[in-house]
Structures are given as structure tokens and as C-alpha cells.
Amino acid sequence: MKRSLVVLIAAVLALSGFGSPTAASAEASSDSPVLSRIGSSDTLRVGMSGNQPPLNFNAKDGSMMGLEVDLARAIASSMGAKLTIVQKPFGELIGALQKGEVDLVMSGMTITAERNLKVAFVGPYFLSGKSILTRSSTLAQAKETGELDRANLKLAALEGSTSQKFVETLMPKASLVTTKNYDDAVKLLLDDEVQALVADREIVELTRFRHPQEDLATLKRPLTIEPIGIAVPPGDALLLNFLENTLGALEASEVLGALRSRWLQQGDWVQQLP
């Protein structure tokens, strides 16, 4: 399946006219500093947290895998560039983009107005939503945030994420514990130090799948709808335009649909998890 996807991606990009000539022409453009740098170095640097399966994660063999990893490879290929994944904690990714340490961020990042004041976005390339993971069958029956806004409820969320903002804004009565990564948040839940983990639906479903012996439960439907996109440095309209065209070609050719199916609906990749 994976090999056929790679072949399909390469064919689509070739037919779309993407490739090294585009990157080379950008090299001469002072109006596109990031795209010019990518063209001159032949390297695309993409920031990811590395611990957000099925979007991005470190496999057993140490390699990076996931939907966003495959998508980043496709984008790098369209530029005629090599892909370098820069792994940082989620909360540090936008700062790294602003400092020029990475060219793009692809790490399950929800497109929000607050973030859009700092960076530009391309996408979305899929839709997610907020959910919870809990041992409580009662909490798992919640249909709206008001049912989780309790003074005696302790929740965990990823630091710097929209899940943190979600809890702080809509569940102010609950106590919130933030963590640097999802593994620490899951440990808090399994150790009964929090009653629920608030995270994107995909993270919640996968964590439940990985811990079948823990009798974990989740919501039947997510509490929100969240567009996940590529964070791009502001002030580089040509890079933004290039990415919009590339993403559009991958969507129209159903390559993006195939990636979403492989990583969000099929489970053959789970055996690659540590």
C-alpha cells in the first residue's frame, strides 16, 4: 500500500509540472526568502513534535512515520528538495518557525485566529475535533462541554495546544494539568492523577487502542470541528501560493484522500509503534 502511494504521489507531481525547476526559479526571487532558501539549499525543513501518531511519530527503527511525514515528503518532492524533519516539543514549533529554524510546521496544528496573527496557514488537509479519554463511563457520555466543567474534575492537555485553550476557555471550573508531550499526559491518566485527557480525536482513539487492558472510554462524537493545516512563515506570498497549488493538486488527484485513508482509517501501521 505504502509503495503504491509513493508511486502515485510522484506521478501526480510530475504531471502537475512541479519539481526542481520551480525551486530553482524561486532561488532568484528576493520576494520569496523562504522558498529561495529552500531552492538554494535543496532542503525543506519541516517542524514536527514526533509524538502524535498517526500524524507523526518515531517508529521502532527510529525513523519518522505518519500522515504528515508522507505529506511533507510529497511537498519536498514537488520542490525538488530533500526533506529534513526537525523534531521539537509542540509548544515550541511556532517559535521555531518565527525564528527561521524550520520552513514549515506540520504537527496536527489547528488553524486558529490567534495563531494566524503569528503565522500563515495552508489547508486544511484534514478535519479533527476535540474529544476526551477517560476511565469514567459517565464522563464518556458527555455531549457538551458544560458536562465537563466541574470543580472536582482534573484534566490533562498538551502544553501550547488548542486542547489547553479549549479547557481554559470552556471548562474554567475544572483543574488543568499541561504536559510537554502526550506520553506524559497518558501516564497521568493511567496513574489516576487526572480523570480525563483532552486531545484531538485521532490521538484519543489511538491511545485507547494501544491500551486495551485499561478499559478506557471516549466520546461518541467530538465536541468540536477543527481544521488542521500547514503553518507557514508570514511575508512569503510565493511560498504560500506554491503550497496551496501543491496541496490542491494532491487533493484533486485523491492522493491526500489515500493518505487519510491509510493513516486515519487503516491500522496496519500500528505495528511500527514502539
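Everything that follows concerns the structure shown earlier in this document.
All of these numbers come straight from a predicted model, not from anything done at the bench. (Residues numbered from 1 in each chain as written. Predicted model: local features only at pLDDT ≥ 70, side-chain atom pairs only at ≥ 80, totals over all residues. Heavy atoms only, no water.)

Section: the packing of aromatic side chains
Geometry of an aromatic ring pair is reported as the spacing of the ring centres plus the angle between the planes.
Line of reasoning, step 1. Across all of its chains, the model carries four aromatic pairs by this definition.
Line of reasoning, step 2. Relative to W263, the ring of F57 has its centre 6.2 Å away and its plane inclined at 70°; by these criteria the two rings are edge-to-face. One end of the pair, F57, is in strand β3 (residues 56-58); the other, W263, is in helix α11 (residues 255-265), with 206 residues separating them in the sequence.
Line of reasoning, step 3. Using a relative accessible area of 2% as the deciding quantity, one classes F57 as buried.
Line of reasoning, step 4. Centre to centre, the rings of F57 and W269 are 5.7 Å apart; their planes meet at 40°, and the pair counts as tilted. Taken together, the positions of F57 in strand β3 and W269 in the segment after α11 put the pair 212 residues apart, joining distant regions of the chain. (Phe/Tyr/Trp six-rings, centres within 6.5 Å; stacked < 30°, edge-to-face > 60°. Helix = DSSP H or I, 4+ residues; strand = E, 2+ residues; numbered from the N terminus. Buried < 20%, exposed > 50% of the residue type's maximum accessible area, 1.4 Å probe, protein only.)

Observations concerning unusual backbone geometry
Line of reasoning, step 1. Residue P54 is bonded to the preceding P53 through a cis peptide linkage, with omega at 10°.
Line of reasoning, step 2. Examined against the element boundaries, P54 turns out to sit in the loop between β2 (51-52) and β3.
Line of reasoning, step 3. With an omega dihedral of 10°, the bond running from G123 to P124 counts as a cis peptide bond.
Line of reasoning, step 4. In this structure, D42 takes a positive phi of about 55° despite not being glycine.
Line of reasoning, step 5. As for its placement among the helices and strands, D42 is situated in the loop between α3 (33-41) and β1 (43-48).
Line of reasoning, step 6. Positive phi values are uncommon outside glycine, yet D192 reaches one of about 60°.
Line of reasoning, step 7. Tracing the sequence through the fold places D192 in the loop between α8 (182-190) and β11 (196-200).

A few points about the side chain of Q52
Line of reasoning, step 1. Within the secondary structure layout, Q52 lies in strand β2.
Line of reasoning, step 2. For Q52, a relative accessible area of 2% translates into the label buried.
Line of reasoning, step 3. Filtering out sequence-adjacent residues up to four positions away, Q52 remains in contact with F90, S107, G108, Y182 and I203. (Contact = heavy atoms within 4.5 Å.)

Description of the sheet that holds strand β9 (residues 154-158)
Line of reasoning, step 1. The mixed open sheet is built from five strands, whose spatial order is β10-β9-β11-β8-β12. In the strand order of this sheet, the two ends are held by β10 (175-179) and β12 (217-218), each with one partner.
Line of reasoning, step 2. Here β9 pairs with β11 via two bridges, running parallel. Within the sheet, the bridge partner assigned to A156 lies in β11 and is L197.
Line of reasoning, step 3. Set on the sheet, helix α7 (residues 162-170) makes contact with β8 (130-134), β9, β10 and β11; between it and β11 the angle comes to about 125°.
Line of reasoning, step 4. In the packing of helix α9 (residues 201-210) onto the sheet, the strands contacted are β8, β11 and β12, and the crossing angle to β11 comes to about 125°. (Pairing = 2+ DSSP bridges. Axes fitted to C-alpha atoms, helices over the stretch in contact; angles between N-to-C directions.)

Focus: the pattern of salt bridges
Line of reasoning, step 1. Counting across every chain of the model gives 13 salt bridges.
Line of reasoning, step 2. Where D70 meets R73, a salt bridge forms, and the shortest distance between an N and an O atom there is 3.1 Å. Taken as a pair, D70 and R73 lie in helix α4 (residues 67-79) at a separation of three residues, close to a single helical turn.
Line of reasoning, step 3. With a shortest N-O distance of 3.1 Å, R135 and E214 are connected by a salt bridge. (Salt bridge = Lys/Arg side-chain N within 4 Å of Asp/Glu carboxyl O.)

A look at the sheet that holds strand β4 (residues 64-65)
Strands belonging to one sheet form pairs held by backbone hydrogen bonds; the direction of such a pair is parallel or antiparallel.
Line of reasoning, step 1. Taken in spatial order, the three strands make up an open sheet running β2-β3-β4, and their pairing is antiparallel. If you trace the sheet from one side to the other, it starts and ends with β2 and β4, each paired once.

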